[in-house]
Amino acid sequence: MKNKTGFTLLEVLVVVGILSIFLLSAVTISIVSIRNLKSSETKILATRYGEGLVEWLRGEKDVNWSTFITKAGVWCFKDEPITQWPQSGTCGQNQKIKNLFERQVVVDYNGALDQVVVKVTVSWDDGNQTVNIPITTILEKYD
């Protein structure tokens, strides 16, 4: 009787099948992780644009309250960095930061309380849905 060593075809197929399932799972997890990383990066950038606008508006309020309260309404800030008030109100198709983000602010003046409610929304299309980062703050007149 001969002593045979080696693997049968069935054993090789089972090992290859198990390795294929493992590698397919690893590739799938990697793709999902990269997609989540890109989504997080976009959210961080959108938040930065929104917070930057809030800080710019706070500076405008500090420079001249009387002029600032005349800006009540809807504004679309497409320029980065922000240097001045834009010409138009709501954002259009070609008014995006880096062809991705729409940055819109609603300035609402409450004369009775000498307060301005600022609602900044940065939005972008992510696949088949629109994602929004809303930031709301209240700015007040200080004497």
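Our structure is the block above this text.
Residues numbered from 1 in each chain as written. Predicted model: local features only at pLDDT ≥ 70, side-chain atom pairs only at ≥ 80, totals over all residues. Heavy atoms only, no water.

What to know about the layout of surface pockets
Thought 1: Taken as a whole, the largest pocket spans an internal volume of roughly 170 Å³.
Thought 2: Around the largest pocket sit Cys76, Phe77, Lys78, Asp79, Ile82, Thr83, Gln84, Trp85, Pro86, Gln87, Ser88 and Gln95, which together line it.
Thought 3: For the lining of the largest pocket, a count of residues per class yields five nonpolar, five polar and two charged. (1 Å grid on protein atoms, 1.4 Å probe; cavity = no way out; pocket = protein on both sides within 12 Å on 5 of 7 lines; lining within 4 Å. Points joined across faces, edges and corners; volume = space filled by probe spheres on them. Nonpolar A, V, L, I, M, F, W, Y, C, P; charged D, E, K, R; others polar.)

Things to note about the state of the cysteines
Thought 1: For the coordinates displayed, the defined rule picks out one disulfide.
Thought 2: Each sulfur of the disulfide joining cysteine 76 and cysteine 91 lies 2.1 Å from the other. Disulfide cysteine 76 to cysteine 91: torsion about the S-S bond roughly 105°, handedness right-handed. Taken together, the residues span a long stretch of sequence, with cysteine 76 in strand β1 (residues 73–76) and cysteine 91 in the loop between β1 and β2 (102–110) at a distance of 15 residues. Neither residue differs from the other here; cysteine 76 and cysteine 91 are each classed as buried. (Disulfide = S-S within 2.5 Å. Helix = DSSP H or I, 4+ residues; strand = E, 2+ residues; numbered from the N terminus. Buried < 20%, exposed > 50% of the residue type's maximum accessible area, 1.4 Å probe, protein only.)

Considerations on the nonpolar core
Thought 1: In this structure, Leu53, Leu57, Phe77, Trp85, Val105 and Val120 are the most contacted members of the largest nonpolar core, which totals 25 residues.
Thought 2: Residue contributions to this core peak at six residues, all from helix α1 (residues 9–63).
Thought 3: In this view, valine 120 contacts Gly50, Leu53, Val54, Leu57, Gln104, Val105, Ile133, Pro134 and Ile135; residues no more than four positions away in its chain are not counted. (Core = buried A, V, L, I, M, F, W, Y, C linked by side-chain atoms within 4.5 Å. Contact = heavy atoms within 4.5 Å.)

Overview of unusual backbone geometry
One can expect most non-glycine residues to show negative phi and most peptide bonds to be in trans.
Thought 1: Geometrically, the link from glutamate 80 to proline 81 is a cis peptide bond, its omega value of 5° lying close to zero.
Thought 2: Turning to its location among the elements, proline 81 is positioned in the loop between β1 and β2.
Thought 3: Here lysine 98, not a glycine, exhibits a phi torsion of approximately 55°, which is positive.
Thought 4: Tracing the backbone through its elements, the reader meets lysine 98 in the loop between β1 and β2.

Quick word on α1
Thought 1: For α1, spanning 55 residues, the distance from its first C-alpha to its last is 81 Å, which sits close to the expected 81 Å at 1.5 Å a residue.
Thought 2: When α1 is considered as a whole, its buried residues turn out to be Thr42, Ala46, Tyr49, Gly50, Leu53, Val54, Trp56, Leu57 and Lys61.
Thought 3: Buried positions along α1 lie against α2 (65–68), β2, β3 (115–126) and β4 (129–140). (Expected span 1.5 Å × (residues − 1).)

Some thoughts on the pairing of β3
Thought 1: Judged from the nine bridges that link them, β2 and β3 form a sheet pairing that is antiparallel. When the sheet's bridge partners are listed, asparagine 110 is paired in β3 with glutamine 115.
Thought 2: Joining the antiparallel neighbours β2 and β3 is a turn of four residues, in which aspartate 114 adopts a positive phi near 50°.
Thought 3: As defined by bridge partners, β3 adjoins β4 across 12 bridges and the pair is classed as antiparallel. Bridge pairing links aspartate 125 to threonine 130 in β4. (Pairing = 2+ DSSP bridges.)

Considering the sheet that holds β2
Thought 1: Spatially, four strands are ordered β1-β2-β3-β4 in an open sheet, and the strand pairing comes out antiparallel. Single-partner strands in this sheet number two, and they are β1 and β4. Looking at each pair of strands side by side, their axes are set apart by 20° on average, direction ignored. (Axes fitted to C-alpha atoms, helices over the stretch in contact; angles between N-to-C directions.)

Notes on the pattern of salt bridges
Thought 1: All told, the structure shown has three salt bridges when counted by the stated rule.
Thought 2: Of the charged contacts, one joins glutamate 55 and arginine 58 as a salt bridge, the two residues approaching to 2.6 Å between their closest N and O atoms. Placement of the pair is glutamate 55 and arginine 58 together in helix α1, with a separation of three residues, close to one helical turn.
Thought 3: In this structure glutamate 55 comes out as partly exposed when scored by relative accessible area, which is 45%. (Salt bridge = Lys/Arg side-chain N within 4 Å of Asp/Glu carboxyl O.)

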